[in-house]
Amino acid sequence: MKIAWKEMKKNKAKFLILGSIIFLVSFLTFIISGLANGLSQDNAALIKDMPTGQFYLNEDAKQTYNLSKIDIDLQEQIMEENPGAAAFSVQMGFVNDADDKQHSVAFVTSTESDVFETVQEGEIILDSSLKDEGIAVGDVLSNNQFSGEFIVKGFVDKKKYSHAPVAYINMTNYQEMYRVMEMQTIFIPAKDAPMFIGLESFSNKSFLNAIPSYSAEQMSLNMIIWFLVVISGMLFAIFFYMMNVQKIGLYGILKAIGMKTIALFRMIWVQMMVITIVALALSVGLSQLFNVLAPAGMPFHLTLDTVMMLSAVFLIVGFIGATISGFQIKKIEPLQAIQQGEM
Amino acid sequence: MANFLIEDVTKSFTSGEVEEQILKGVNLSLKEGEITALVGPSGSGKSTILTIAAGLQRASDGKILFETKDMTKMSQEEIRQVRAKEFGFVFQSSHLVPFLTVEEQLLVMLDVSKTKLGKQEQVKEVEKILKLVEMNHRKDAYPASLSGGERQRVAIARAIIHQPKILFADEPTASLDTKRSKDVMELLRELTKTLNLTTLMVTHDEEMLPYADRIITMRDGYIVE
Ligand SMILES: Nc1ncnc2c1ncn2[C@@H]1O[C@H](COP(=O)(O)OP(=O)(O)OP(=O)(O)O)[C@@H](O)[C@H]1O
Ligand SMILES: [Mg+2]
């Protein structure tokens with residue numbers, strides 16, 4: 001609508017201020033959400049990138065995977081009944097390289113499966129982030145709980161667990177190092193997998209939350225994100241509220257000469273839309289640029305999907321904020337406004 | 001011909017426990033092509049009857065007949081439409097929209113009244129009316145840069161651009177000096193005659209009375225003629 005646009009043109013400074021606040025808030029939101037996503041990859045890419053299925057832990061483990069031990073007979077029975085199932089274990093630890101330098105890793109071992117790397121005894125396959133720490137194929141690594149040595153067979157991309165790079169080792173080596181015969185977890189890559197007595201089942205998502213620190217980390221970041229979204233909504237409400245208060249007389253006159261209340265609402269909506277869309281376009285562009293330029297070591301990962309989803313939320317929240325502030329317009333009596341103007 | 005009739009209109013305000021009757025039965029008929037001036041002491045109810053007639057507040061009782069339609073029976077939305085299409089308003093202060101140019105003020109009014117003119121014709125109509133109030137040379141100016149008299153002339157232009165039938169003016173010259181007041185009254189008189197408007201005006205200023213066709217005196221909520 002023309003009148004909305006005219007006001008913005010005449011009062012550029014006012015609207016520019018609101019626009020830049022919305023830009024900053026939305027940009028911050030995008031950056032934090034990129035960080036949250038990046039950290040979650042860093043924390044649990046191993047689990048996150050697994051296909052949809054069911055995870056099983058021993059019921060006595062109280063949902064903590066490293067307390068879980070699955071009975072060997074039961075494991076064999078499940079593996080037989082469910083082709084594609086895999087039993088696996090994860091333990092935090094470290095490897096020493098030829099110079100005796102320590103590198104912390106998450107040891108992963110499993111029965112034969114498409115989902116995990118297959119490794120022979122005395123071999124090790126590492127997450128590619130360890131390349132940056134100077135480890136190469138053919139290097140010999142050791143571990144103080146392991147009698148033998150590991151030869152690096154290769155690298156895989158984006159396999160992280162609890163912020164540490166994953167190290168795939170053979171089950172026999174694992175059993176020696178950690179002195180357990182049982183595996184911690186069984187994974188069945190099927191949507192509705194059966195129940196087993198003595199085992200608790202988890203979806204991909206709930207299993208992620210069973211990883212220590214994962215849910216705490218994600219929850220606090222998500223809380224910041226939603227706070228920022230709410231703040232931006234309140235900014236709209238407060239900003240338009242204050243502008244409306246200044247314009248009560250004007251709205252009264254426009255109503256007196258016969259303008260519909262809905263036309264006044266439309267005026268606020270148009271202004272809110274223009275400001276938000278311009279601010280969002282800027283921060284979407286900048287955050288995508290940041291996604292490309294972020295330093296390699298920084299766990300930052302922002303997809304366009306996330307950005308678009310958050311943008312939609314910003315628009316909706318802005319709309320609600322502006323509309324709430326508009327309710328006072330509805331109450332304005334043209335007569336009062338005229339008389340106030342004459343006082 | 002009378003096309004606007006006020007019949008036995010009363011208005012009471014309750015403040016706290018006490019109900020105070022401000023209008024005690026007002027009868028008035030307005031005629032086309034005439035300026036009717038309402039005069040009387042402060043607090044006698046002049047603004048109250050004008051705003052009731054203009055559909056800006058409701059009467060407690062009585063009838064307001066505009067071209068045979070009783071406005072007291074209309075819904076809020078119907079009254080709004082009448083205000084938008086058939087009425088024009090001028091107040092003591094001009095109440096222009098601060099962020100619109102003179103030309104845009106009038107275009108907005110055409111928009112509000114839903115005239116069926118195309119964009120080109122609207123601009124032409126605006127030019128015509130601005131020439132009538134001798135403000136065409138300032139059509140790109142914002143209200144802040146106009147003098148009080150100029151603003152009031154723009155306000156009058158806005159009040160008549162959509163060719164209303166009735167023009168309501170509450171002390172339209174109160175904020176102006178005598179010379180400018182007379183210019184504005186001259187203009188109102190000329191417009192009332194040429195556009196055949198029905199004009200109801202409240203004024204305090206005796207010097208403005210010669211411009212009126214009829215003078216009605218109010219006292220304590222009554223018309224005393
Ligand atoms: N909304 C209201 N609530 C209570 N009393 C009101 C209200 N509006 C007007 N009045 C009272 O009605 C009386 C008439 O007011 P009105 O504005 O019509 O007077 P007026 O003749 O226009 O006076 P003036 O010449 O000073 O403008 C006044 O005593 C005023 O206090
Ligand atoms: Mg008055």
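These numbers come from a predicted model, not from an experiment. (Residues numbered from 1 in each chain as written. Chains lettered and ligands numbered in written order. Predicted model: local features only at pLDDT ≥ 70, side-chain atom pairs only at ≥ 80, totals over all residues. Heavy atoms only, no water.)

1. Here we look at a negative patch on the surface
Thinking step 1. Taken together, the side chains of Asp71(A), Asp73(A), Glu76(A), Glu80(A) and Glu81(A) present a region of like negative charge at the surface.
Thinking step 2. Tracing the sequence through the fold places Glu81(A) in helix 3 (residues 72–81). (Patch = residues over 30% accessible without salt bridge, like charges linked within 9 Å, V, L, I, M, F, W, Y side chains within 5 Å. Areas by Shrake-Rupley, 256 points an atom, 1.4 Å probe, with all protein chains shown as cover. Salt bridge = Lys/Arg side-chain N within 4 Å of Asp/Glu carboxyl O. Lys, Arg positive; Asp, Glu negative; His and termini not counted. Charge placed at Lys NZ, Arg CZ, Asp CG, Glu CD. Helix = DSSP H or I, 4+ residues; strand = E, 2+ residues; numbered from the N terminus.)

2. Comments concerning the pattern of salt bridges
Residues and elements named next belong to chain B.
Thinking step 1. Applying the stated criterion across every chain yields a total of 18 salt bridges over all chains.
Thinking step 2. Notably, a salt bridge pairs Glu 127 with Lys 131, separated by 2.9 Å at the nearest N-O pair. Here the residue Glu 127 and the residue Lys 131 both occupy positions in helix 4 (residues 119–132), the gap between them amounting to 4 residues, near one helical turn.
Thinking step 3. Its relative accessible area of 31% is what places Glu 127 among the partly exposed residues.
Thinking step 4. Members of the salt-bridge network, linked through shared partners, are Glu 67, Glu 86 and Lys 165. (Buried < 20%, exposed > 50% of the residue type's maximum accessible area, 1.4 Å probe, protein only.)

3. Some points on helix 1 (residues 46–53) of chain B
Residue and element names in this part refer to chain B.
Thinking step 1. Taking burial as the measure, the 8 residues of helix 1 include 7 buried ones, the bulk of the element.
Thinking step 2. Here helix 1 has its buried residues at Lys 46, Thr 48, Ile 49, Leu 50, Thr 51, Ile 52 and Ala 53.
Thinking step 3. Immediately downstream of helix 1, the backbone of Gly 55 shows phi near 75°, a positive value.

4. Structural notes on the packing of helix 6 (residues 214–246) of chain A against helix 9 (residues 304–331) of chain A
All names here are of chain A.
Thinking step 1. In the contact formed by helix 6 and helix 9, the axes pass within 8 Å of each other and the chain directions differ by 30°. Accordingly, the angle class assigned to the pair helix 6 and helix 9 is roughly parallel. The way helix 6 lies across helix 9 gives a crossing that is right-handed. Facing Ile 225, Trp 226, Leu 228, Val 229, Ser 232, Gly 233, Phe 236, Ala 237, Phe 240, Tyr 241, Asn 244 and Val 245 of helix 6, the residues of helix 9 in contact are Leu 310, Val 313, Phe 314, Val 317, Gly 318, Gly 321, Ala 322, Ser 325, Gly 326, Gln 328 and Ile 329.
Thinking step 2. Among the residues making up the contact of helix 6 with helix 9, the classes are represented as 15 nonpolar, 8 polar and no charged. (Axes fitted to C-alpha atoms, helices over the stretch in contact; angles between N-to-C directions. Parallel < 35°, antiparallel > 145°, perpendicular 65-115°, else oblique. Left-handed = near helix turned anticlockwise from the far one by under 90°. Contact = heavy atoms within 4.5 Å. Nonpolar A, V, L, I, M, F, W, Y, C, P; charged D, E, K, R; others polar.)

5. Structural notes on the interface of chain B and chain A
Thinking step 1. Across the contact, 22 residues belong to chain B and 19 residues belong to chain A.
Thinking step 2. Between chain B and chain A, a total of about 2,100 Å² is buried, with carbon and sulfur atoms accounting for 70% of that surface.
Thinking step 3. Counting the contacts that link chain B with chain A gives 1 salt bridge.
Thinking step 4. In this structure, Lys6(A) engages Glu104(B) in a salt bridge whose closest nitrogen and oxygen atoms are separated by 3.4 Å.
Thinking step 5. Taken together, the elements giving at least two residues each to the side of chain B that touches chain A come down to helix 2 (76–86) and helix 3 (102–112) of chain B. (Buried area = accessible area lost by both parts, 1.4 Å probe.)

6. Thoughts on the sheet that holds strand 7 (residues 166–170) of chain B
Strand pairing in a sheet is mediated by backbone hydrogen bonds. Such pairs are either parallel or antiparallel.
All names here are of chain B.
Thinking step 1. As summarised here, the arrangement of the 6 strands in space is 6-7-8-3-9-10, forming an open sheet in which the pairing is mixed. The open sheet has two edge strands, strand 6 (87–90) and strand 10 (222–223), and neither has a second partner.
Thinking step 2. The sheet contact formed by strand 7 and strand 8 (residues 198–202) spans 5 bridges and is parallel. By the bridge assignment for strand 8, Asp 170 is matched with Val 202. (Pairing = 2+ DSSP bridges.)

7. Quick notes on the domain arrangement of chain A
Residues and elements named next belong to chain A.
Thinking step 1. According to the domain assignment, chain A consists of domain 1 (2–44 + 216–342) and domain 2 (54–202).
Thinking step 2. On the domain 2 side, the residues contacting the 6 residues of domain 1 number 5 residues.
Thinking step 3. The contact between domain 1 and domain 2 buries some 430 Å² in all, and 35% of this surface belongs to carbon and sulfur atoms.
Thinking step 4. For the domain 1 face of the interface with domain 2, the top three residues by lost area are Asp 42, Asn 43 and Ala 44, together amounting to 78%.
Thinking step 5. Counting across the interface, domain 1 meets domain 2 through 1 salt bridge.
Thinking step 6. Among the salt bridges present, the one from Asp 42 reaches Lys 160, with a minimum N-O distance of 2.4 Å.
Thinking step 7. The tally of links from domain 1 across to domain 2 stands at 4 residue pairs in polar contact (both at pLDDT 80 or more).
Thinking step 8. Tallying contributions element by element places helix 2 (residues 12–48) first for the side of domain 1 that touches domain 2, with 5 residues.
Thinking step 9. Among the residues making up the side of domain 1 that touches domain 2, the classes are represented as 2 nonpolar, 2 polar and 2 charged. (Domains from an automatic or database assignment. Polar contact = N/O pair within 3.5 Å; in protein donor to acceptor, adjacent residues only side chain to side chain.)

8. A closer look at the packing of aromatic side chains
Working definition: an aromatic ring pair is given by the centre-to-centre distance plus the angle between the planes.
Thinking step 1. For the structure shown, the criterion picks out 28 aromatic pairs over all chains.
Thinking step 2. Ring geometry for Phe55(A) and Phe88(A): centres 6.4 Å apart, planes at 75°, overall edge-to-face. Of this pair, Phe55(A) sits in strand 1 (residues 54–58) while Phe88(A) sits in strand 2 (residues 86–96), and the two are 33 residues apart along the sequence.
Thinking step 3. Accessibility expressed as a relative area gives 0% for Phe55(A), which makes it buried.
Thinking step 4. Look at Phe55(A) and Phe187(A): their rings are 4.8 Å apart centre to centre, the planes differ by 45°, and that puts the pair in the tilted class. Here the residue Phe55(A) occupies a position in strand 1, and Phe187(A) occupies one in strand 9 (residues 185–188), the gap between them amounting to 132 residues. Summarising the burial analysis for this pair, Phe55(A) and Phe187(A) share the class buried.
Thinking step 5. The structure contains a cluster of three or more aromatic residues connected by ring pairs, namely Phe55(A), Phe88(A), Phe116(A), Phe187(A), Phe202(A) and Phe207(A).
Thinking step 6. Above the ring of Tyr142(B), the side-chain terminus of Lys10(A) is found at 3.9 Å from the ring centroid. (Phe/Tyr/Trp six-rings, centres within 6.5 Å; stacked < 30°, edge-to-face > 60°. Lys NZ or Arg CZ within 6 Å of the ring centre and 35° of its normal.)

9. Comments concerning a nonpolar patch on the surface
All names here are of chain A.
Thinking step 1. On the surface, a nonpolar cluster with roughly 580 Å² of combined accessible area is contributed by Val 230, Met 234, Ile 238, Tyr 241, Met 242 and Val 245.
Thinking step 2. Here Tyr 241 is to be found in helix 6.
Thinking step 3. Of the residues examined, Tyr 241 reaches a relative accessible area of 44% and is grouped as partly exposed.

10. Digging into the site of ligand 1
All names here are of chain B.
Thinking step 1. Near ligand 1, the surroundings consist of Phe 13, Ile 22, Pro 41, Ser 42, Gly 43, Ser 44, Gly 45, Lys 46, Ser 47, Thr 48, Glu 171 and His 204.
Thinking step 2. Within the contact set of ligand 1, an oxygen atom lies 2.4 Å away from a side-chain nitrogen or oxygen of Ser 42.
Thinking step 3. Within the contact set of ligand 1, an oxygen atom lies 3.3 Å away from a backbone nitrogen or oxygen of Ser 44.
Thinking step 4. Against a free-state accessible area of 630 Å², the protein chains account for coverage of 61% of ligand 1.
Thinking step 5. The greatest single-element share of the shell around ligand 1, amounting to 3 residues, is contributed by helix 1.
Thinking step 6. Counted by class, the shell around ligand 1 contains 3 nonpolar, 7 polar and 2 charged residues. (Near = heavy atom within 4 Å.)

11. Quick notes on the pairing of strand 6 of chain B
When a strand is regular, its side chains alternate between the sheet's two faces.
Residues and elements named next belong to chain B.
Thinking step 1. Neither face of strand 6 is left uncovered, since the one carrying Phe 87 and Phe 89 and the one carrying Gly 88 and Val 90 both have all their residues buried.
Thinking step 2. One ladder, built from 4 bridges, connects strand 6 with strand 7; its direction is parallel. Within strand 7, the position partnered with Phe 89 by the bridge is Phe 168.

12. Description of helix 5 (residues 148–160) of chain B
Thinking step 1. Taking 1.5 Å as the rise per residue, helix 5 of chain B with 13 residues should run 18 Å; its terminal C-alpha atoms sit 19 Å apart, in good agreement.
Thinking step 2. Of all the positions in helix 5 of chain B, only Gly149(B), Glu150(B), Gln152(B), Arg153(B), Val154(B), Ala155(B), Ile156(B), Ala157(B), Arg158(B), Ala159(B) and Ile160(B) are classed as buried.
Thinking step 3. Where helix 5 of chain B is buried, its residues touch helix 7 (248–256) of chain A together with strand 6, helix 3, helix 4, strand 7 and helix 6 (178–194) of chain B. (Expected span 1.5 Å × (residues − 1).)

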